[in-house]
Every structure is written in structure tokens, then in C-alpha cells.
Amino acid sequence: MLRLGKEELKMKKDQFAKLRIKTPDFDVEEVWEATKKDPTWVHFGGGNLFRAYHSVLQHHLIELNETNKGIIVVSTSNDSKIEKAYHPYDNLCLDVIMKTDGTLDMEVIASVAESITANQETTSWQRLKEIFQNPSLQFITLTITEKGYDLEDINGEIRGSVREEIEQGIEHPKHTIVILTALLFERYQNEKTPLALVSTDNFSHNGDKLKDAVMTVASIWKEIGVVEQGFIDYLNDENIISFPWSMIDKITPQPSLDVQKKLEEIGFGSVELIQTRKDRPASIAPFVNTEESEYLVIEDRFPNGRPALEKVGVYFTKKEVVDRVERMKVCTCLNPLHTALAIFGCLLKYKSIADEMKDEDLKALIEKIGYDEGMKVVTDPGIINPMEFIKEVIEMRFPNPNIPDTPQRIATDTSQKLSIRFGETLKMYVNREGLDVNDLTFIPLTIAAWCRYLMGIDDAGEAFAISPDPLLEDLQQHIQKIEFGNPDSVGEHLQPILSNRRIFGIDLYEIGLGEKVEGFFKQLIKGPEAVRTTLHENVEDMIELR
């Protein structure tokens, strides 16, 4: 069996070629050494999206001779991703693109020059300080999910554990944002060199949310005397420190058993599914499987320079264009549809997004949310056509049977996503002349289904595991008071949830939608099969029109 490692790459290029696995056409170790000496790009996260997209972009840019630098990846979580998924394979990864015809495009990606765990008890912390002190560093990217930026609880107060950590000072950070702010202070203390910090996580105005989180930490440090006003001024000077907005789109599910089997069959042996946390299933592997479609749009504000990533397909543009692209995708053409499939998919016992797309009720649901309710307020970015984009999503990307994505994965952290994926559309219906929020059916039905999902009971009346969510404990304090099979038990228990502006970006009762959501919810909890019945009754007209 052929294994993934730098020596194998050197000695067995012909064997890789026989397996139709493309290998780097540059001197890997030369690039790694140049990167370690004078790094330009550090990425926080290191999960599957980074491995399938960011690292591939830079790899291809190196092959075009547009740069001789790779990426340094940092993990700040308490898992063992670096030790188990990076170091044993010399930071190499097999990128597997799963095409709709069932074929696989395979390529060894070698752009990661160094992988580090941000642990203050080891030499890695000192190494991170050295990297941030180096003037050569141009920008940071992050894929830490929405919850990684959220320092607050359901009431908008800084979480007690986070505040306690911040108030302990700068020496022992653990939260990603606290770690990042501490490293920025190192840069401030050493020549105050410029830097761009680019969130590539999947939510609106991600650059602003990143800056707000960093400034929250820095401001508390200023209040307690840990840092001086100069550090605050440094972070606020957009000519020195920038927080560009971005929009990223590439479906990258967890490692596929089907891909694992196909790789083994052709003689590739580095296919271990790696469990990085004892409380969660395997989520990473030496290979990463992903779709062919991809979009990355970034506001072009890089005060210390950047590589020419536009030559490998990245759009660099103005903030307002990024905003329009992001709103098109996150608020209308993809993310709301994904969330609707995730919620209903869990309730209806689906294990695959592609399988859900064979369900006429579910396909009709997302068509109504997207083409009907969403397209009335869609933002046209100018550089990507919204109708072509959503058509690609519904007709090609979601139905791709070779993308092993699950509703359970997509349902993770839903409370952090609703304000953008549905709340922004609701605001447009409220504020735009000629539209009436009361005309909406399928968005409020999906919100009701999410509340139904929080009961942890599927449509057969059986318990299921709810995906992780930072607000789950708070939400279930209200949901657990409602009895499955007893609509009369709903009472006022949904009101604290549906009126919460942090969850929806708007009070659903103030806009006249709270009662409608409650009505759908009561239908959905009547008993077994109530979810299917309610869904079918509401989409039936559209199915008949096909």
C-alpha cells in the first residue's frame, strides 16, 4: 500500500502516478524551509475546509511560480488534530474531488509547511510568538466556525468562563480569539508591523465580527491595565490592521467511507479515519473529500501585501461587492436551503443531503424557500448570477450522490446561523415596500421545525442525538416544558426563543410572525408522522405543478 509522507513522495512518484494521484511539481522541502524562515500566511483552524480549499489554492499558486511560500496552520482547540492528522503524514494531505459522474480527482497537497498546536505549556507557543513578530507575515485566515467568534451567552453578556480567562491576563490564553489577540500584542510590541486578519467562516460581515471579538478582548485588557492605549489604536488603524470581509463556498463533508474504500481498492493506504475528541466520531483523515464547485470572494484590503490568489480563482474586490455576494449565498441561494434540509432531514431520519434531494417534499421545500420567498429579496452581486448559482446548488451540488454530507453535520450550531440565513430575509420583507412578511410560509415553517428539532424526538416519535450547539442548554430549558403529542402544552414556552434577537436578528412577534411559527410548531408536535404530514400539506401544490 502506498502511504502519505515526504519520503514516499520523493521515492515513489511513479507509483503515485500509476494510481492517477497527482503529486507536487515543486521542491516541497525548499518551499517548507522558505515558509518557516519568513512566513507570509498563517491559518487558524486546520479542519477539512482548510485542507480542501485554502491549502489547495496556495499549492496551485506555488506550482504557477507565483510564490515560494506555503502556509503555517495552527490549531487552538483542545483536540489532537495536529498530532494525529498532520504530523504523522508530514503535513501532506490527499485532496479528493468527488465528481457527479462518480470519478475522483486526486492530488497530494504539500503547501502546509508547518503545523502547530497553540499550547502555552510547550515550545509551540514561543514559535507562534516568533511567527507573529516576523515582519514578513502578511495575513491570517480563520475557519473556526461561527461559535468561535461568539464570546457572549444567550443574553448578550460575555460568558463567565471567557471573561475569567481574559481577566487572567495575556500569558495563558485558551480561547481562539484570546490567543489571536495575545499574538497581535506580540506583533504590536515588535515594530507594529501591518497585518490583515481574514475570517473565511461562513456568515455575514465576518470581518466585522472578528474585529469586534478581538477588540472586546483588547478593551478588557486595557481596562485592567494589561495593555496600553497604543495597542487599541494599533488594532483600530485600518491602514495597519485590516479585517477584510469574505464569502466562502465549498461543501466539504467529513471523510467518506465510500472514498476510503475506493482509495484502499486502488492501493492507497493512508485512509485512517481519525477521532480527535473522545466525545465525537472521527471527523478528519489523511485525505479530504470535497465537491468540485468553489467560490471565495475577499475584500481587497491587505496592508502588508498578499499573494496573487486571483490567479487561482479567488475574487478580490470591494467590500460592498463581497457583501452582495455573501448576502446572495448565505441569505438566499445556499445556506438557508442547507439549514432547512438539515433540520427536516434529522427529523425524517435522513443520513445524506443527496438522499434528501430525492424526496419530493424536501426538494419542493427548498425550491419554495429559494426561488419563491428568497429570490424576491435576493442581492445581485454583479460578479455571480444569483439564478445560475441557486440552480447549480439545487440541481447539481446538493443532489451529488458522491458528496457524503449529512443533515446532522449541517445542523451543528444552528442557533448561530438563523439570524443570517433567515433573519436577514425577514428584515427585507418587513422593510421593503410591496412585500408582506405574512405572505411567507416556508421560512416560518422551517423555523418551527427547528424548534421541533430541539425536542430531540424524530418524526417516528423516537429520540435522536441533537447536533452540538452553544445555546442548546439554554434553549432546552424552554423546549423541555413542551410535551410531544400535546399541542396545548406549548403555552408561552416558545416566546423566549422566538423573541430572541440574538438568534433571529429580529423579534418574530414584533413583526407578526411569532404566532404563525407557533401554529406550525403545534402541528409538527401532534404525534408521529406529524412532520411529514405538515410538510407535505404545505408543499403539495408545488409538487403537483412539476
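Bear in mind the structure is a predicted one, so any value in this text is a computation, not a measurement.

Quick notes on the rules
Residues numbered from 1 in each chain as written. Predicted model: local features only at pLDDT ≥ 70, side-chain atom pairs only at ≥ 80, totals over all residues. Heavy atoms only, no water. Salt bridge = Lys/Arg side-chain N within 4 Å of Asp/Glu carboxyl O. Helix = DSSP H or I, 4+ residues; strand = E, 2+ residues; numbered from the N terminus. Buried < 20%, exposed > 50% of the residue type's maximum accessible area, 1.4 Å probe, protein only. Core = buried A, V, L, I, M, F, W, Y, C linked by side-chain atoms within 4.5 Å. Contact = heavy atoms within 4.5 Å. Pairing = 2+ DSSP bridges. Axes fitted to C-alpha atoms, helices over the stretch in contact; angles between N-to-C directions. Arc of directions from axis to C-beta. Polar contact = N/O pair within 3.5 Å; in protein donor to acceptor, adjacent residues only side chain to side chain. Phe/Tyr/Trp six-rings, centres within 6.5 Å; stacked < 30°, edge-to-face > 60°.

**Student:** Can you help me understand the pattern of salt bridges in this one?
**Tutor:** Once their charged atoms are close, side chains differing in charge can pair, the charge on each being opposite to the other. A full pass over the atoms with the stated rule returns 35 salt bridges. Residues Arg 502 and Glu 152 are paired through a salt bridge, measuring 3.8 Å at the closest nitrogen-oxygen approach. Residue Arg 502 is located in helix α22 (residues 501–504), and its partner Glu 152 is located in the loop between β7 (139–142) and α7 (160–167); the two are separated by 350 residues in the primary sequence. On the accessibility criterion, Arg 502 (30% relative accessible area) is partly exposed. Owing to a relative accessible area of 30%, Glu 152 belongs among the partly exposed residues under this scheme. Each of Glu 7, Lys 10 and Glu 29 takes part in a single network of salt bridges with overlapping partners.

**Student:** How do you make sense of the nonpolar core when you look at a structure like this?
**Tutor:** Formed by 134 residues in total, the largest nonpolar core has its most connected members in Leu 365, Phe 398, Leu 426, Trp 450, Tyr 453 and Phe 504. Looking at this core element by element, the count peaks at 9 residues for helix α19 (residues 442–453). When near neighbours in sequence (up to four residues on either side) are disregarded, Tyr 453 contacts Ile 343, Cys 346, Leu 347, Ala 411, Phe 464, Ile 466 and Ser 467. Counting residues in hydrophobic clusters, the runner-up holds 47 residues, among them Leu 183, Leu 210, Val 214 and Leu 235.

**Student:** Teacher, can you tell me more about the sheet that holds strand β1 (residues 21–22) here?
**Tutor:** Hydrogen bonds along the backbone pair up the strands of a sheet, which may run parallel or antiparallel. Strand order across the open sheet formed by 4 strands is β1-β5-β4-β11, with mixed pairing between neighbours. Of all strands in the sheet, those with a lone pairing partner are β1 and β11 (287–290), marking the two edges. Across 4 bridges, strand β4 (residues 93–98) lies against β11 in parallel orientation. Across the sheet, residue Ile 97 finds its bridge partner in β11, namely Thr 290. Sheet strands in contact with helix α4 (residues 48–63) are β1, β4, β5 (104–109) and β11, and its direction is about 70 degrees off that of β5.

**Student:** Explain helix α10 (residues 229–236) here, please?
**Tutor:** At 3.6 residues per turn, the α-helix brings residues three or four places apart onto the same side. Along α10, the residues that are buried comprise Phe 231, Ile 232, Tyr 234 and Leu 235. Down the axis of α10, the buried side of the element spans an arc of 160 degrees, and every buried residue falls inside it. Of the surrounding secondary structure, the elements contacted by the buried residues of α10 are α8 (176–189), α9 (206–223) and β9 (241–242).

**Student:** Could you clarify how one ought to interpret helix α16 (residues 386–397) in this entry?
**Tutor:** Those residues of α16 not exposed but buried are Pro 386, Phe 389, Ile 390, Glu 392, Val 393, Ile 394 and Arg 397. Tucked inside the fold, the buried residues of α16 contact β10 (246–249), β12 (295–299), α12 (319–333), α13 (335–347) and α15 (360–374). If you check the start of α16, you find a side-chain oxygen 3.0 Å away from the backbone N of Met 387, and it comes from Asn 385.

**Student:** Can you help me understand the packing of aromatic side chains in this one?
**Tutor:** Any two aromatic rings considered together are summarised by their centre-to-centre distance and by the angle between their planes. This structure, assessed with the given rule, holds 13 aromatic pairs. Geometrically, the ring pair formed by Phe 185 and Phe 231 is edge-to-face, given 5.0 Å between the ring centres and 80 degrees between the ring planes. Of this pair, Phe 185 sits in helix α8 while Phe 231 is found in helix α10, placing the two residues 46 residues apart along the sequence. Given the relative accessible area of 7%, Phe 185 is considered buried. Ring centres 5.9 Å apart and planes at 80 degrees place the aromatic pair Phe 302 and Phe 316 in the edge-to-face group. Here the residue Phe 302 occupies a position in the loop between β12 and β13 (315–317), and Phe 316 occupies one in strand β13, the gap between them amounting to 14 residues. The exposure class of Phe 316 is buried, given its relative accessible area of 18%.

**Student:** Explain the environment of Ala 34 to me, please; I cannot follow it from the model alone.
**Tutor:** Its location among the elements puts Ala 34 in helix α3 (residues 28–37). When the C-alpha atoms of Ala 34 and Asn 68 are compared, they prove to be 7.0 Å apart, with 34 residues separating the residues in sequence. Leaving out residues up to four positions away in the same chain, Ala 34 has contacts with Asn 68 and Lys 69.

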